[in-house]
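# Residue-level structure breakdown
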Amino acid sequence: MLTGIAQAAPAIAMIGAFACLIGGLYLVSKGRDRRKGALLLVMAAVLVANVLIWTLPTA
């Protein structure tokens, strides 16, 4: 059973992933800084993968 910050960590990570996704799409679409935008998109994917790993049921 998770308690305290362990329960909040996936939610906080998903909020961060959505923020990175929005920021990355903005930077790439406006052509401002495509490298940083691409890195933000990669970071969003890594955060989502981490949340999926954290929430896998243990056997």
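Up top you'll find the structure we're talking about.
These numbers were taken from a predicted model, which means no experiment stands behind them. (Residues numbered from 1 in each chain as written. Predicted model: local features only at pLDDT ≥ 70, side-chain atom pairs only at ≥ 80, totals over all residues. Heavy atoms only, no water.)

## Section: a nonpolar patch on the surface
On the surface, a cluster of nonpolar side chains totalling about 290 Å² of accessible area is made up of Phe18, Leu21 and Leu25. Positionally, Leu25 belongs in helix α1 (residues 5-30). (Patch = residues over 30% accessible without salt bridge, like charges linked within 9 Å, V, L, I, M, F, W, Y side chains within 5 Å. Areas by Shrake-Rupley, 256 points an atom, 1.4 Å probe, with all protein chains shown as cover. Salt bridge = Lys/Arg side-chain N within 4 Å of Asp/Glu carboxyl O. Helix = DSSP H or I, 4+ residues; strand = E, 2+ residues; numbered from the N terminus.)

## Focus: the pattern of salt bridges
Oppositely charged side chains may form a pair once their charged atoms are brought near each other. Evaluated as defined, the whole model comprises one salt bridge. Between Lys36 and Asp33 there is a salt bridge, with the nearest N and O atoms lying 3.8 Å from each other. For Lys36, a relative accessible area of 51% puts it in the exposed group. Owing to a relative accessible area of 28%, Asp33 belongs among the partly exposed residues under this scheme. (Buried < 20%, exposed > 50% of the residue type's maximum accessible area, 1.4 Å probe, protein only.)

## Some words on α1
Under the 1.5 Å per step criterion, the end-to-end length of α1 is 36 Å for 26 residues, consistent within 8% with the ideal 38 Å. Where α1 is concerned, the buried positions are Pro10, Ala13, Ala17, Cys20, Gly24 and Leu27. The inward-facing, buried residues of α1 abut α2 (34-54). Positive backbone phi, approximately 70°, marks Gly31, located one or two places after α1. (Expected span 1.5 Å × (residues − 1). Contact = heavy atoms within 4.5 Å.)

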